[in-house]
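Here's the letter readout for the chains.
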Amino acid sequence: MDIILMAALVPPLILLVLVYRLDKIEREPLPLIIKLFILGGLSTFLAAIIENVLAYMLEGTMDPNSTLFRAINYFLVVGWTEEGCKHMALKRSSWKHPAFDYRFDAVVYSVTAALGFAAVENISYVINLGLTVAPYRALTAIPGHCIFGIYMGYYYGMAKHCERMGERVKQSRYQFLSIFMPMLLHGFYDFCATSRSSTMSLVFLGYIVLLDILSIRAIRRFSRNDRLV
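Residues numbered from 1 in each chain as written. Predicted model: local features only at pLDDT ≥ 70, side-chain atom pairs only at ≥ 80, totals over all residues. Heavy atoms only, no water.

Overview of the pattern of salt bridges
In step 1: Within this structure, the stated rule accounts for three salt bridges.
In step 2: One salt bridge connects K86 with E83, and the closest N-O pair in it is separated by 2.9 Å. Of this pair, K86 and E83 both sit in helix α3 (residues 67–94), three residues apart, which is roughly one turn of the helix.
In step 3: Among the ionic pairs, R137 bridges to E121, the shortest N-O distance being 3.0 Å. Of the two residues, R137 is situated in helix α5 (residues 133–139) and E121 in helix α4 (residues 103–129); the sequence distance between them amounts to 16 residues.
In step 4: By relative accessible area, which is 15% here, E121 ends up buried. (Salt bridge = Lys/Arg side-chain N within 4 Å of Asp/Glu carboxyl O. Helix = DSSP H or I, 4+ residues; strand = E, 2+ residues; numbered from the N terminus. Buried < 20%, exposed > 50% of the residue type's maximum accessible area, 1.4 Å probe, protein only.)

What follows is the structure, given as structure tokens:
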């Protein structure tokens, strides 16, 4: 069991440390980071309940093997639910926290919640499917959740800036984008990953590589250009 837990937890913790160290101006308080990680992990259980209910309802209305079903399931049921639950954990813990004073803080917070979610999800996969899935998920699913968190954090930080500036319409728009953009990235990831088409498998591989490159560049730019919210 110790080996299983290490295989499941080490990859998200490594990514968390790397992102945390990119916060150059002012490191975030560890109690808040721990809280976000735990709440992000607990949000997996809420997401699982909602996903199961929505998937059951969806299966009663259309063919589960159809492309439309798969698109709705992965973009809305899975993508929207999981990113929405992460966002809820993120906002409840950090929005009014006094440490949230720089825009890159939002990226650190959202990635922390996302990797907490990924860690618990990863434990479930490794326990149920065995250690053989751990390397594959360490290279795909775990970085995927981290990347979704990066983009969630960017828009979340912009929303916080708009709140400080009194721009309520823009604040609402950025809050929406902080869920919507990760949902699109997540939905397309799952849609490609679960396809049985060899063409879509190649698309998935290209998508992962491109997403990794763009996200590494983006988070470094967000870190360099950090400023007060």
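Quick look at the packing of aromatic side chains
In step 1: One pass over the full model with this rule turns up 13 aromatic pairs.
In step 2: A ring pair is formed by F75 and F191, whose centres lie 6.4 Å apart and whose planes are at 40°; its orientation type is tilted. Of this pair, F75 sits in helix α3 while F191 sits in helix α7 (residues 168–193), placing them 116 residues apart in sequence.
In step 3: On the basis of relative accessibility, which here comes to 15%, the residue F191 falls in the buried class.
In step 4: When the ring of Y189 is compared with that of F204, the centres are 5.1 Å apart and the planes differ by 70°; the resulting orientation is edge-to-face. (Phe/Tyr/Trp six-rings, centres within 6.5 Å; stacked < 30°, edge-to-face > 60°.)

Side note on the side chain of S110
In step 1: Counting through the fold element by element, S110 comes out in helix α4.
In step 2: Look at S110 and you get buried, because its relative accessible area is 1%.
In step 3: Among the polar contacts listed, one links the side chain of S110 to the backbone oxygen of G149, at a separation of 2.6 Å.
In step 4: Among all residues touching S110, those that are not within four sequence positions of it are L90, G149, M152 and G153. (Polar contact = N/O pair within 3.5 Å; in protein donor to acceptor, adjacent residues only side chain to side chain. Contact = heavy atoms within 4.5 Å.)

Regarding helix α2 (residues 30–59)
In step 1: With 30 residues, α2 should reach 44 Å at 1.5 Å per residue; the first-to-last C-alpha distance of 43 Å fits that figure.
In step 2: Those residues of α2 that sit buried are L32, I33, L36, F37, G40, G41, S43, T44, A47, E51, A55 and L58.
In step 3: For α2, the secondary structure elements touched by its buried residues are α1 (2–21), α3 and α4. (Expected span 1.5 Å × (residues − 1).)

These results come straight from atomic positions and should not be treated as a statement about function.
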